[in-house]
Amino acid sequence: RQGVDFSSIDGKPSTIFVLIVAPKDIPESYLQLMAEVSRFLSVPENIAQVLACQKNDALYEILTQK
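Predicted model, so just to flag it, every value in this text is computed and none were measured.

Description of the overall build of the protein chain
Moving on, step 1. A count of helical and extended segments in the protein chain gives three helices and zero strands.
Moving on, step 2. The helix and strand sequence of the protein chain, counted from the amino end, reads α-α-α.
Moving on, step 3. By the compact-globule yardstick of 11 Å for 66 residues, the protein chain is too spread out, its C-alpha radius of gyration being 14 Å.
Moving on, step 4. For the protein chain, the spread of C-alpha atoms along the three principal axes comes to 35 × 30 × 20 Å.
Moving on, step 5. Sequence-distant contacts, at least 24 apart, represent 24% of the contacts inside the protein chain between residues at least 6 apart.
Moving on, step 6. Accessible surface computed for the protein chain: about 5800 Å², of which carbon and sulfur atoms make up 58%.

Okay, here's the thing in structure tokens:
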């Protein structure tokens, strides 16, 4: 919850990590998903909801509603 130091530009610890596994031969799907993730995490309310999750089910619910 305190985050991890990744020497970010803003100097704040990183608290949300996204892992995407995609085939090399279809980069379009990866890029489209990254765009969606970026849009979603550009909204402060979404970040707060993700960080407030206590269980995987709650996170899944947030991600599928948006």
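Once you've had a look at it, read on.
Notes on the side chain of Asn46
Moving on, step 1. Among the secondary structure elements, Asn46 is positioned in helix H2 (residues 44-52).
Moving on, step 2. In this structure Asn46 comes out as buried when scored by relative accessible area, which is 6%.
Moving on, step 3. A distance of 2.9 Å separates a polar side-chain atom of Asn46 from the backbone oxygen of Phe40.

A closer look at the pattern of salt bridges
Moving on, step 1. This structure, assessed with the given rule, holds one salt bridge.
Moving on, step 2. Between Glu36 and Arg39 there is a salt bridge, with the nearest N and O atoms lying 2.8 Å from each other. Of this pair, Glu36 and Arg39 both sit in helix H1 (residues 27-41), three residues apart, roughly one helical turn.

Some points on a nonpolar patch on the surface
Moving on, step 1. Taken together, the side chains of Val4, Phe6 and Phe17 present a nonpolar region at the surface, about 320 Å² in accessible area.
Moving on, step 2. For Val4, the location among the structural elements is in the segment before H1.
Moving on, step 3. On the basis of relative accessible area, Val4 is assigned to the partly exposed category, the value being 39%.

Overview of unusual backbone geometry
Generally, phi is negative for residues other than glycine and the peptide bonds are trans, each holding for most cases.
Moving on, step 1. Its identity as a non-glycine residue notwithstanding, Ser7 has a phi of 50 degrees, on the positive side.
Moving on, step 2. Relative to the elements of secondary structure, Ser7 occurs in the segment before H1.

Focus: the environment of Gln65
Moving on, step 1. By the secondary structure assignment, Gln65 is in helix H3 (residues 56-65).
Moving on, step 2. The exposure class assigned to Gln65 is exposed, which follows from its relative accessible area of 57%.
Moving on, step 3. Measuring from C-alpha to C-alpha, the distance between Gln65 and Arg39 comes to 14 Å, with 26 residues separating the pair along the chain.
Moving on, step 4. Looking at Gln65, its side chain comes within polar contact range of the side chain of Glu61, at 2.9 Å.

What to know about the environment of Cys53
Moving on, step 1. Mapped onto the secondary structure, Cys53 falls in the loop between H2 and H3.
Moving on, step 2. We classify Cys53 as buried; its relative accessible area is 13%.

About the cut-offs
- All chains use their own residue numbering, which begins from 1 and follows the written sequence.
- With pLDDT at 70 or above as the cut-off, local features in this predicted model cover only qualifying residues; side-chain atom pairs require 80 or more to be listed or tallied, and sums for whole chains, interfaces and linings still use all residues.
- Only hydrogens and water are set aside; all other atoms, that is, all heavy atoms of the structure, feed into the side-chain values.
- A run of H or I in DSSP becomes a helix once it reaches four residues, and a run of E becomes a strand once it reaches two; helices and strands are each numbered from the N terminus.
- Each radius of gyration is computed over the set of C-alpha atoms, and the globule rule expresses the reference value as 2.2 Å times the number of residues to the power 0.38.
- Two residues qualify as a contact provided that any one of their heavy atoms is within 4.5 Å of a heavy atom in the partner residue.
- Per-residue accessibility takes into account occlusion by the displayed protein chains alone, with areas from the Shrake-Rupley method and a 1.4 Å probe.
- The cut-offs for exposure are 20% and 50% of the maximum accessible area for each residue type, with area from a 1.4 Å probe on protein chains only; residues under the lower value are buried, those over the upper are exposed, and the others partly exposed.
- As used in this structure description, the phrase polar contact means that two N or O atoms lie within 3.5 Å; if the pair is within protein, one of them must be able to donate a hydrogen and the other to accept it, and residues adjacent in sequence are counted only when both atoms belong to side chains.
- A side-chain nitrogen of Lys or Arg and a carboxyl oxygen of Asp or Glu constitute a salt bridge if their distance falls within 4 Å.
- Grouping into patches uses exposed residues only, defined as over 30% relative accessible area, and leaves out salt-bridged ones; the cut-off is 9 Å for like charges and 5 Å for nonpolar side chains (Val, Leu, Ile, Met, Phe, Trp, Tyr).

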